[in-house]
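# Fold and contact review
Chain by chain, the residues:
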Amino acid sequence: MPRGKAIRNKNGYGTVVKLSGNRRNPYEVRVNTRMDERYYPVYDVLGRYATREEGLIALAEYNKNPYDLNKSKLTFSELYEAFYYDKYELSGKIFSKSSKDCTRSAYNHMELLHDRPYKDIRANDFKAVFAQMKNGKSLSHAMQEHMKNLIVQMDKFALQNDIISKGYASFVNITVEEDDKPGVPFTHDELVKLWQHQTAPWIDAALIFIYSGWRISELNNMPVEDISLSDWTFKGGVKTAAGKDRIVPIHSAIRDLVADRIADNGSRLFIEKGKPISNTLLSRRFKAALAASGITTEHTIHDCRHTFTSLLDSAGANPICIDRLVGHASKSITSKVYTHKDIEELRAAVELIKVPEY
């Protein structure tokens, strides 16, 4: 067969054609995707390649799993808009303003990918975005968490709609494993004040955070199905190797507080006017509750997490248990599977924390 002549394939398979002129990628792959008004096949260009062999490989891969070429051209931004509309408008589910804001913020931090065709984005492209610096600093753990959640959900959406045949988001890890926010643990006297005012509005929320160590986004978004009142455990966590699906036993001192909130609220621990409360509004309620109890130090909900780790450390808890309870990476943790023995060891560690006399 003369060089440069297109290979004859079966009808409907597509073809590789050598274009005229001096081109870097002269071999054009064409596939028949539709008929015109006269019922003649109309081809679309799958791509252009440096060699005929590369073109034939691309054509063969396409015919293994033909896809809508218009879908294949969707950029990251276009896919995001379709995903966002499907999740927040069409699903019928109620999402808090905070959830929407976090999704939009994560998208904005991935600007480097906005104009890229989504099907061409690979794990290293995602990793490069996670490694970027903003104002001379690495992206925070919380922001990377939101970004990871977004691309995992976008991958799932793209797979369901035949836009991609393989997702790469699951291969991306959050690069900031430890907490990157400074914190001021609650003092003994401040804990006494909280217990003295535990029946006041939202003080119970502060106590639940302090004696469980969850991040605000983890506990506030945790469905009650992941809170067991029979085993007295929480299950949740951010999507990192160390924090995913971790189990935290519920301290005996806050069991009634947790049970009462579930009985009153149903789907979430923190509800206001029948709807899940946003992280921002929860933080406001938290600060107002502290002020009402007589605490003058400026505390954030994240300080509750620092208090939890500080109380565990002061009580002599095993460092490996502490890492596992708060979802920190530890070289000593070799298994992510929680056995009954693991849970009981964690429960023993949590119960080392003593409630102050009040």
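In this text, all values refer to a predicted model and were calculated from it rather than measured experimentally.

Right, let's get into the sheet that holds strand β6 (residues 227-228). Taken in spatial order, the three strands of this open sheet run β6-β7-β8, and their pairing is antiparallel. Each edge of the open sheet carries a strand with a single partner, namely β6 and β8 (246-249).

A separate point is helix α10 (residues 255-265). All of the buried residues along α10 are Leu257, Val258, Ala259, Arg261 and Ile262. Residues of α10 that are buried in the fold lie against α8 (203-210), β6 and β7 (233-236). Taken from the residues just after α10, Gly266 is the one with a positive phi, measuring 85 degrees.

This paragraph deals with the packing of aromatic side chains. On inspection of all chains with the given rule, the structure shows 14 aromatic pairs. Seen in terms of ring centroids, Tyr84 and Tyr88 are 4.5 Å apart; in terms of plane orientation they differ by 45 degrees. Their pairing is tilted. With Tyr84 and Tyr88 both in helix α3 (residues 76-90) and four residues apart, the pair spans about one turn of that helix. Relative to Phe270, the ring of Trp202 has its centre 6.4 Å away and its plane inclined at 40 degrees; by these criteria the two rings are tilted. Highlighted residues: Trp202 in the loop between α7 (188-196) and α8 and Phe270 in the loop between α10 and β9 (271-272), separated in sequence by 68 residues. Comparing Trp202 with Phe270 shows no difference in burial state: the two are buried. By way of ring pairs, the aromatic residues Phe76, Tyr80, Tyr84, Tyr88, Tyr107, Tyr118 and Phe126 are connected into one cluster. Taking the ring centre of Tyr27 as reference, the NZ or CZ of Lys18 above it sits at 5.9 Å. Its guanidinium or amino end placed over the ring of Trp202, Arg261 lies 4.7 Å from that ring's centre, counting from NZ or CZ.

Where β6 lies against β7, two bridges are found, and the strand directions are antiparallel. Counterpart to Ser228 in the pairing with β7 is Thr233. In this antiparallel pair of consecutive strands, β6 and β7, the connection spans four residues, and Trp232 shows a positive phi of 55 degrees. Across four bridges, the pairing between β7 and β8 is antiparallel. Counted as the bridge partner of Phe234 is Val248 from β8.

So, on to the side chain of Ser77. Position of Ser77 among the secondary structure elements: in helix α3. Polar contacts involving the side chain of Ser77 include one to the side chain of Tyr107, which spans 2.7 Å. Setting aside residues no more than four positions away along its own chain, Ser77 makes contact with Tyr107 and His114.

Okay, the packing of helix α12 (residues 301-314) against helix α13 (residues 319-326) next. α13 packs onto α12 with a crossing angle of 160 degrees between their chain directions and a minimal axis gap of 10 Å. Classified by the angle between their axes, α12 and α13 sit roughly antiparallel to one another. Here α12 runs over α13; the crossing is right-handed. Taking contact as the criterion, the partners of Arg305, Phe308, Thr309, Leu312 and Asp313 in α12 are, on α13, Ile322, Leu325 and Val326.

Here Ser217 lies in helix α9 (residues 216-220). Under the relative-accessibility criterion, Ser217 is labelled buried at 14%. Once residues lying within four places of it in the same chain are set aside, the contact partners of Ser217 are Glu145 and Asn279.

For the chain, mean pLDDT is 86; residues scoring 70 or higher make up 86% of the total. Averaged pLDDT values over the elements of the chain bottom out at 63 in helix α2 (residues 69-72) and peak at 98 in α8.

On to the pattern of salt bridges, then. Throughout the structure, instances matching the rule amount to ten salt bridges. In this structure, the salt-bridge partner of Glu218 is Arg246, at a minimum N-O distance of 2.9 Å. Highlighted residues: Glu218 in helix α9 and Arg246 in strand β8, separated in sequence by 28 residues. Glu218 gets classed as buried once you look at its relative accessible area, which sits at 6%. When salt bridges that share partners are traced, they join Glu28, Arg30 and Arg48 into one network.

Right, let's talk about the packing of helix α5 (residues 123-130) against helix α6 (residues 141-160) for a bit. At a closest axis distance of 11 Å, the pairing of α5 and α6 adopts a crossing angle of 155 degrees. As summarised for this structure, α5 and α6 are arranged roughly antiparallel, according to the angle between their axes. Crossing geometry of α5 relative to α6 is assigned as right-handed. Contact with α5, carried on its side by Phe126, Val129 and Phe130, involves Gln144, Met147, Lys148 and Ile151 of α6 and no other residues of that element. Its residues assigned to classes, the contact of α5 with α6 comprises five nonpolar, one polar and one charged.

Definitions and cut-offs
Residues numbered from 1 in each chain as written. Predicted model: local features only at pLDDT ≥ 70, side-chain atom pairs only at ≥ 80, totals over all residues. Heavy atoms only, no water. Pairing = 2+ DSSP bridges. Helix = DSSP H or I, 4+ residues; strand = E, 2+ residues; numbered from the N terminus. Buried < 20%, exposed > 50% of the residue type's maximum accessible area, 1.4 Å probe, protein only. Contact = heavy atoms within 4.5 Å. Phe/Tyr/Trp six-rings, centres within 6.5 Å; stacked < 30°, edge-to-face > 60°. Lys NZ or Arg CZ within 6 Å of the ring centre and 35° of its normal. Polar contact = N/O pair within 3.5 Å; in protein donor to acceptor, adjacent residues only side chain to side chain. Axes fitted to C-alpha atoms, helices over the stretch in contact; angles between N-to-C directions. Parallel < 35°, antiparallel > 145°, perpendicular 65-115°, else oblique. Left-handed = near helix turned anticlockwise from the far one by under 90°. pLDDT = per-residue confidence, 0-100. Salt bridge = Lys/Arg side-chain N within 4 Å of Asp/Glu carboxyl O. Nonpolar A, V, L, I, M, F, W, Y, C, P; charged D, E, K, R; others polar.

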